[in-house]
Amino acid sequence: MEGKLIHCLVTTAFTNIVITFPIQKVLFRQQLYGLRTRDAVLQIQKDGIRNLYRGILPPLMQKTTTLALMFGLYEDFSSLLLMHTNSPELVTRSVAAILAGTTEALLTPFERVQTLLQDYKHHDRFTNTFQAFKVLRPYGIREYYRGLIPILIRNGPSNALFFGLRHPIKQCLPETKTYSANLINDFVCGGLLGAMLGFLFFPVNVVKARMQSQIGV
C-alpha cells in the first residue's frame with residue numbers, strides 16, 4: 001500500500017510541476033526581485049514562450065526523488081527511533097521527519113541549478129541543466145550547495161509539520177470506503193498542507209532564491 005501511495009504521489013508531483021511551473025516561475029521572480037505579480041508576469045512574457053519552461057528538468061528530477069526519500073526515510077527513521085528510544089511517539093516521529101528532511105538536502109544542487117536557469121539574468125550563460133552543472137564545477141562543491149542553510153531550515157520543520165498534521169487533517173475529511181475516494185482525500189490533504197507550508201516558509205525561500213542566484217561571490 002505504501003508503495004502504491006509513493007507511486008501515486010510521484011505521478012501527482014510530476015503532473016503538478018508540469019502544470020503549475022509557469023505559476024511557480026512567477027512566484028520565483030517575485031521572491032528574487034521583489035516584484036508585484038503583474039510585473040513578474042510581464043517580465044516572463046518578455047522572456048518569450050521559448051523560455052517559459054526553462055529550468056523545469058531540475059525540479060522534475062528532484063521532486064520525484066524527494067517524495068520517495070521523504071516517505072521511505074521517515075518510516076525507516078521512525079522504526080529505528082521507536083526501537084531504540086523511550087521518547088513519546090509524537091517526539092520520535094517529529095525527529096524522524098526532521099532527519100528525513102535533512103537527508104533530502106543532499107539534492108540541493110537541483111534547486112541551485114533550477115534557480116540559475118529561471119533567472120533571466122543567466123539566460124545567455126546557461127543553455128540547459130547539464131551545462132549549468134558543468135559551469136559550476138570549477139567553483140567546487142560549495143557552489144553546488146549554495147543556499148544549503150535555508151534549505152535545511154525549511155526541510156526539517158516542514159516535514160515535521162507535514163507528517164504531524166497529515167493524519168488530523170484527513171480525519172476531518174469525509175470518511176472514504178474506496179481507493180479512488182481515498183486518493184481524493186490525499187489530494188485535498190496534500191493541497192491544504194502544501195498551501196500552508198508554502199505560506200509559512202515563503203520568507204525562507206526568498207532568502208534561498210537570492211543566495212542561489214549568485215555565482216562565485
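Model, not experiment: these values are computed from the prediction. (Residues numbered from 1 in each chain as written. Predicted model: local features only at pLDDT ≥ 70, side-chain atom pairs only at ≥ 80, totals over all residues. Heavy atoms only, no water.)

Engineer: Give me the lowdown on the nonpolar core, citing residues and values where you can.
Structural biologist: Leu-67, Met-70, Phe-71, Tyr-74, Ala-97, Phe-162 and Phe-163 are the most contacted members of the largest nonpolar core, which has 19 residues in total. Looking at this core, the elements that each hand over two or more residues are helix 3 (57-84), helix 4 (89-104), helix 8 (148-172) and helix 9 (179-200). No other element matches helix 3, which puts 6 residues into this core. If we ignore the near neighbours within four places in the chain, the residues touching Met-70 are Ala-100, Glu-104, Asn-159, Phe-162 and Phe-163. (Core = buried A, V, L, I, M, F, W, Y, C linked by side-chain atoms within 4.5 Å. Buried < 20%, exposed > 50% of the residue type's maximum accessible area, 1.4 Å probe, protein only. Helix = DSSP H or I, 4+ residues; strand = E, 2+ residues; numbered from the N terminus. Contact = heavy atoms within 4.5 Å.)

Engineer: Describe the packing of aromatic side chains, and please don't skip the residues or the numbers.
Structural biologist: A complete count under the given rule lists 8 aromatic pairs for this structure. Consider the rings of Phe-71 and Phe-162, whose centres lie 6.2 Å apart with planes at 90°: the pair is edge-to-face. Placement of the pair is Phe-71 in helix 3 and Phe-162 in helix 8, with a sequence separation of 91 residues. Like Phe-162, Phe-71 is buried. Three or more aromatic residues joined by ring pairs make a cluster, and in this case those are Phe-71, Tyr-74, Phe-162 and Phe-163. (Phe/Tyr/Trp six-rings, centres within 6.5 Å; stacked < 30°, edge-to-face > 60°.)

Engineer: How would you explain the UniProt feature "repeat: Solcar" (unreviewed entry) in the protein if you had to name every residue and give the values?
Structural biologist: Per the UniProt annotation, the sites labelled "repeat: Solcar" (unreviewed entry) are residues 3-80 and 88-172. From the first C-alpha to the last, residues 88-172 spans 24 Å; its make-up is 75% helix and 0% strand. (UniProt positions renumbered as here; feature names shortened; annotations may be inferred.)

Engineer: Describe in detail the pattern of salt bridges, supporting the description with residues and values.
Structural biologist: For the structure on display, the rule yields 8 salt bridges. In this structure, Arg-36 engages Asp-39 in a salt bridge whose closest nitrogen and oxygen atoms are separated by 3.3 Å. The class for Asp-39 is partly exposed, based on a relative accessible area of 27%. Lys-170 is the partner of Asp-186 in a salt bridge, and the nearest nitrogen-oxygen pair spans 2.7 Å. Taken together, the positions of Asp-186 in helix 9 and Lys-170 in helix 8 put the pair 16 residues apart, joining distant regions of the chain. Linked through salt bridges whose partners overlap, the residues forming this network are Glu-111, Arg-154 and Lys-208. (Salt bridge = Lys/Arg side-chain N within 4 Å of Asp/Glu carboxyl O.)

Engineer: A description of a nonpolar patch on the surface should follow, citing residues and the corresponding values.
Structural biologist: Among the surface-exposed residues, Leu-161, Leu-165, Met-196, Phe-199 and Leu-200 lie close enough to one another that they form a single nonpolar patch of about 440 Å² accessible area. Every element with two or more residues in the nonpolar patch is listed here: helix 8 and helix 9. A per-element tally of the nonpolar patch places helix 9 first, with 3 residues. By relative accessible area, which is 45% here, Leu-200 ends up partly exposed. (Patch = residues over 30% accessible without salt bridge, like charges linked within 9 Å, V, L, I, M, F, W, Y side chains within 5 Å. Areas by Shrake-Rupley, 256 points an atom, 1.4 Å probe, with all protein chains shown as cover.)

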